[in-house]
Amino acid sequence: MRGGARGPRGLATFAASSLACMVFGWDGSRRAFRDAAEWFVGTATLVGDRWDRPGLGEWDVRALVGHTSRSLVTVETYLARPAAAAEVACAADYFRATRAAAADRAVAARGRDAGAALGADPAAAVAEIAARVLALVDTQDGSELVTTIAGGMRLADYLPTRTFELVVHTADLATALGVPPDVPAASAAQALRVIADLAVADGLAGPLLLAATGRPGLPAGFSVL
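Counting starts from 1 at the beginning of each chain's written sequence and moves along it residue by residue. Restriction of local features to residues with pLDDT of at least 70 applies here, the model being predicted, together with a cutoff of 80 or more for giving and counting side-chain atom pairs; totals for whole chains, interfaces and linings are based on all residues. Values reported for side chains reflect all heavy atoms of the structure, with hydrogen atoms and water molecules removed beforehand.

If you had to explain the overall build of the protein chain to someone new, which residues and values would you point to?
Looking only at helices and strands, the protein chain features ten helices and four strands. Partly exposed residues are those whose accessible area sits between 20% and 50% of the maximum for their type, while under 20% is buried and over 50% is exposed, using a 1.4 Å probe and protein chains only. Going through the 225 residues of the protein chain one by one, you find that 45% of them count as buried. When the accessible surface of the protein chain is summed, it comes to about 10,100 Å², and 60% of that surface belongs to carbon and sulfur atoms. To qualify as a helix, a DSSP run of H or I must reach at least 4 residues; to qualify as a strand, a run of E must reach at least 2; elements of each kind are numbered from the N terminus. Using a 1.4 Å probe, the Shrake-Rupley method yields the accessible areas, and only the shown protein chains count as cover for residues.

Below, the structure is given as structure tokens:
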């Protein structure tokens, strides 16, 4: 996720945030992840011959799809790198810990590389990746410790970050293709809870609540990430 700048909230807020972490049940998280992955796969089939169309920022549609596919691939990669301990407590803490990394120029390059790696039939490649990763997740119980870029996490705490990424970037893809961003209900509910967790801990709940209830729009550049 390529979010906005971290701003002045700082490490003290991050350290305190774990006290209010939102924890998700494993079965619900697997359902939300599966639904988000299947929505991504289905939306990718709508691209047709528009892979070089503008996607998001400097990415074309192929690069956006490539970046989004990494939300699946990293689950597989991190499960192959067991962690010694859980250092990151929840999805919101993961996003707070990775703000600087998310703003790095290397993220854009990795998206383009991932898009190129999807080959001549990107939609079919995405479907194959999703099928493989979903089958792998179904063999886990959520207690597995994985090594993420933010540190060790339980798989049950990491998976909601992947659902969040799938939801937001598939919505980006749908928007680029001119189709409604119809987020699956379970996936949407989990992603919105992560947003709420981030907003509350970082003192941003007020502007978000006002905008969500029809008041004047959010400030330019507003982001909970």
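Having put the structure on the table, let's press on.
So what's going on with the pattern of salt bridges? Residues and values would help.
Here, a salt bridge means any side-chain nitrogen of Lys or Arg that lies within 4 Å of a carboxyl oxygen of Asp or Glu. A full pass over the atoms with the stated rule returns eleven salt bridges. Arginine 96 is the salt-bridge partner of aspartate 93, the closest N and O atoms lying 3.0 Å from each other. Of this pair, aspartate 93 and arginine 96 both sit in helix α4 (residues 91-97), three residues apart, which is roughly one turn of the helix. Here arginine 96 falls in the buried class, since its relative accessible area comes to 1%. The closest approach of N and O atoms between arginine 99 and aspartate 202, which form a salt bridge, is 2.4 Å.

Tell me about the nonpolar core, and please be specific about residues and values.
In terms of nonpolar packing, the biggest core is built from 56 residues, with Phe33, Val65, Leu72, Val75 and Leu173 touching the most fellow members. Every element with two or more residues in this core is listed here: α2 (26-44), α3 (61-79), α4, α6 (105-117), α7 (122-137), α8 (155-177) and α9 (185-201). Among the elements that line this core, the one with the most residues is α8, at ten residues. Here, nonpolar core means buried Ala, Val, Leu, Ile, Met, Phe, Trp, Tyr and Cys residues that are tied together by side-chain atoms lying within 4.5 Å of each other.

Mind laying out the pairing of strand β3 (residues 145-148), listing which residues take part and the relevant values?
Only one face of β3 is covered, namely the face carrying Val146 and Thr148; the face carrying Leu145 and Thr147 is uncovered. In this structure, β3 lies alongside strand β4 (residues 151-154), joined through four bridges in antiparallel fashion. Looking across to β4, one finds that valine 146 is bridged to methionine 153. Linkage of β3 to β4, two consecutive antiparallel strands, is achieved through a turn of two residues. Any two strands between which DSSP finds at least two bridges are classified as paired.

Summarise the confidence of the model for the protein chain; cite the residues concerned and give the values.
Confidence of the predictor at the level of single residues is given by pLDDT, which spans 0 to 100. Per-residue pLDDT for the protein chain averages 90, and the proportion of residues at 70 or more is 90%. With pLDDT under 50 throughout, residues 1-19 is counted as low confidence; its partners more than four residues away or in other chains account for 38 contacts. Any pair of residues with heavy atoms lying within 4.5 Å of one another is described as a contacting pair.

I'd like a description of the environment of glycine 115, backed by residues and values.
Mapped onto the secondary structure, glycine 115 falls in helix α6. C-alpha separation for the pair glycine 115 and valine 61, spaced 54 residues apart in sequence, amounts to 8.5 Å. In this structure glycine 115 touches Arg62, Ala63 and Gly66, once residues within four positions along its chain are discounted.

For the packing of α2 against α9, give the residues involved together with the corresponding values.
Working convention: axes come from line fits to C-alpha atoms, limited for helices to the stretch in contact. Angles between N-to-C directions cover 0 to 180 degrees. Two elements in contact, α2 and α9, have axes separated by 7 Å at closest approach and are oriented at 115 degrees. Considered as vectors, α2 and α9 are oriented roughly perpendicular to each other. In the crossing of α2 with α9, the sense of the turn from one axis to the other is left-handed. Only Ala186, Ser187 and Gln190 of α9 make contact with α2, whose side of the interface consists of Ser29, Arg31, Ala32, Asp35 and Ala36. Following the grouping adopted for this structure description, the nonpolar residues are Ala, Val, Leu, Ile, Met, Phe, Trp, Tyr, Cys and Pro, the charged ones are Asp, Glu, Lys and Arg, and the polar ones are all others, Gly among them. Looking at the contact of α2 with α9 residue by residue, the class counts come to three nonpolar, three polar and two charged. Each angle gets one of four labels, with under 35 degrees taken as roughly parallel, over 145 as roughly antiparallel, 65 to 115 as roughly perpendicular, and the rest as oblique. Left-handed describes a crossing whose near helix is turned anticlockwise from the far helix through less than a right angle; right-handed describes the clockwise counterpart.

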